[in-house]
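Residue strings, one per chain:
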Amino acid sequence: MNVKIRSFAKFVFVMLLMLRSVGQLHGQETIFRHVPKGASNSYVEIVSMFSVSPSHGYLPVRMYVANSSPVAQRVVVSFKSQSQSYRGEDALSSKSQFELSVDAESNATREILVPLKPFGAIQFSPNTGIEVKLTGSMGTLETRFDAMLDRTDFPVVLMSEALHTPNSGKLTDEMNRTISSSGRYGSSPQFAAKFDPKMMPTQWQGLSGVDVIMLSDGDWLAMESASRLATEQWLRLGGHLVIFHQTSPEPSLVKLASDAGFGRVTMQTLQADFLLDPAATLQLLSSKDGEGNYLTASIMSDFADSWPLYETAEKKPFYYTLYVVILIAFAVFIGPLNVYRFAKNEQRYRLFYTIPLISLAFTILLGLIVLFQDGVGGSGARRVLMEIRPNDGEHVALMHQEQFCQTGLLTQSKFALDSATIYPVAIAATRWSRFTQSNAESGAYDIEQENEHVFAKGDWFKSRSAHGHLLTAVVPTRGRIEKNSGAQTFVSTFNFPIRWMLLEDGGKFFLAENIKTGVSFSAREIDEFTYRANIHESCVTMNRRHAAMIKQATQRKNAFIAMTDQGPAIESLAQIRWKSTESIITGPWIAGEQVP
């Protein structure tokens, strides 16, 4: 009797898993499904939430494990995202590994974010592939699939299944007809990757490789609350959300469109047949404020030429003459002096130890010169653009950080990256530069998860090099600007002083300076020219994309923009000494009686 009950329970268990699996795969892409030998009721399945992987950022996937055996199982899945250079060599890459333990006769699900290799120079790394390897107690398997093609002439678009299915072909044809094919090597990339609204990432990092999301209002309302929050954070960090609707938009969507932070929401009418006009749809994707507005294009174009932070940061010279003199001296010592002075004709046997000793001496000399000249660690400067969201119970800071540093000798390369994303950016080509527009085809940029923490290691920072990075994070904060009732008086709850703050209220412009934490301060009225001049001064310290975000922030009502040189920053390698960190802070101010 017990055997029959157990068999029936196992049958029900397997059927439930199969039904769940069918529902989950709808609109998604299965990377692999592995069934262990001799255990047909068990499996390991990896499902991508997008039909095509972005070329950078993260690929969100879900891992499903069904364990029908009477013992616990351990599953390890490794990923390697890499580009391939035209010479056939491994180029940019990123490795990661994830582990899941499953109890006996049970199943488990885990959402994981697969780090993708950095966005590199497309002329050297046009193709990106992702290798997947399964190990552990449930067997082994290896497979591979391709990601989107690296390109700077078109944003990375994510489109809901309801819109993608009837429109993808015509949109792809229109894109390939109108957009430059530079760097594609004869291939025709898709217009957009497809997604199921019910299976969207629950972390904003899962959308970090996406520039634009297109969906219907029904798709938006069908999302889980965690996925909707992640999408809102992605939007306010600078994403572009295009919402198609057949009737009047829901009030919640109108609110979202009016307060998109650094991003933007485009509302469009949708026909009953869900068919889109290809030319008009492509027009929606044009940058709102000049070239480089989308992250994909900004990484490769905003930092190589006229990057304000790079131009003002302290840079080390390279002493060519000194090294030439040392090489000449080495040649003289190892050659003529060695032969005619240290190891004369009757003492040639001395060459067996004079050559190693001279070589060792000059090696030590070079090492001491390098150590004296470059030092240990490195130094640099950072600029932070921060959006504060103290309303609607959010209490978060959305941070963009650009940083430049020049390193000496580094003794470590690993650093924590728990709540942030990081990209190497193509900087001006110099003797020290390691990632440029024409030399970004190699390097290992690994991101690993250890327990509950995420770490970056590899070539993010190299010894005796110049590096530029772009970091993004969403962190909790209780900091805000509170406005007292009546006159233009405010209180700052930020735990750092603010150098100045600008705001527009009722068509008038105001400025406050030297603001301290918890101390009431007044804002004096200024003319519009002075207001705009201060905004322009803030913009010229940032790259073009961040400057556009600052200008956008000044167009909102009941919002402020402030500057401090003592604010928080996103930390990376501990050996780097950041000599300056300037922050531009934006966000809505809160009326005192509205403070929760």
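Described in the following lines is the structure provided in the data block.

Thresholds, definitions, all that
- Residues numbered from 1 in each chain as written.
- Predicted model: local features only at pLDDT ≥ 70, side-chain atom pairs only at ≥ 80, totals over all residues.
- Heavy atoms only, no water.
- Pairing = 2+ DSSP bridges.
- Helix = DSSP H or I, 4+ residues; strand = E, 2+ residues; numbered from the N terminus.
- Axes fitted to C-alpha atoms, helices over the stretch in contact; angles between N-to-C directions.
- Phe/Tyr/Trp six-rings, centres within 6.5 Å; stacked < 30°, edge-to-face > 60°.
- Buried < 20%, exposed > 50% of the residue type's maximum accessible area, 1.4 Å probe, protein only.
- Lys NZ or Arg CZ within 6 Å of the ring centre and 35° of its normal.
- Contact = heavy atoms within 4.5 Å.
- Polar contact = N/O pair within 3.5 Å; in protein donor to acceptor, adjacent residues only side chain to side chain.

**Regarding the sheet that holds strand 12 (residues 240-245)**
Part 1: Strand order across the open sheet formed by five strands is 10-9-11-12-13, with parallel pairing between neighbours. Two strands lie at the open edges of the sheet, namely strand 10 (193-195) and strand 13 (264-269), each paired on one side alone. Within this sheet the neighbouring strands show an average axis-to-axis angle of 20°, counted without direction.
Part 2: When strand 12 meets strand 13, the two strands line up parallel, connected through six bridges.

**A few points about the sheet that holds strand 25 (residues 521-522)**
Part 1: The strand order 25-22-21-29 describes an open sheet built from four strands, whose pairing is mixed. Every other strand in the sheet has two partners, leaving strand 25 and strand 29 (590-591) as the edge strands with one partner each.
Part 2: Sheet topology note: the strand 21 (residues 481-483)/strand 29 ladder contains two bridges and is parallel. Its bridge partner lying in strand 29, Lys 483 is registered against Ala 591.

**What about the packing of aromatic side chains?**
Part 1: What the rule picks out here adds up to 14 aromatic pairs.
Part 2: For the ring pair Phe 79 and Phe 98, a centre distance of 6.0 Å and an interplane angle of 70° mean the geometry is edge-to-face. Of this pair, Phe 79 sits in strand 4 (residues 73-84) while Phe 98 sits in strand 5 (residues 90-102); the two residues are 19 residues apart in sequence, bridging distant segments of the chain. Both residues of the pair, Phe 79 and Phe 98, belong to the buried class.
Part 3: Its guanidinium or amino end placed over the ring of Trp 432, Arg 431 lies 5.9 Å from that ring's centre, counting from NZ or CZ.

**A few points about helix 12 (residues 544-553)**
Part 1: Of all the 10 residues making up helix 12, eight are buried; the element is thus mostly covered by neighbouring parts of the structure.
Part 2: Inspection of helix 12 places Arg 545, His 546, Ala 547, Ala 548, Met 549, Ile 550, Gln 552 and Ala 553 among the buried residues, and these make up the whole buried set.

**As for the environment of Ser 433**
Part 1: Position of Ser 433 among the secondary structure elements: in the loop between strand 17 (420-424) and strand 18 (443-450).
Part 2: Distance in space between the C-alpha atoms of Ser 433 and Arg 464 is 9.3 Å, their sequence separation being 31 residues.
Part 3: Among all residues touching Ser 433, those that are not within four sequence positions of it are Ile 427, Ala 428 and Ala 466.
Part 4: One polar contact links the side chain of Ser 433 to the main-chain carbonyl oxygen of Ala 428, over a distance of 2.6 Å.

Note that every value here comes from positions in space, so none of it alone points to a role or purpose.
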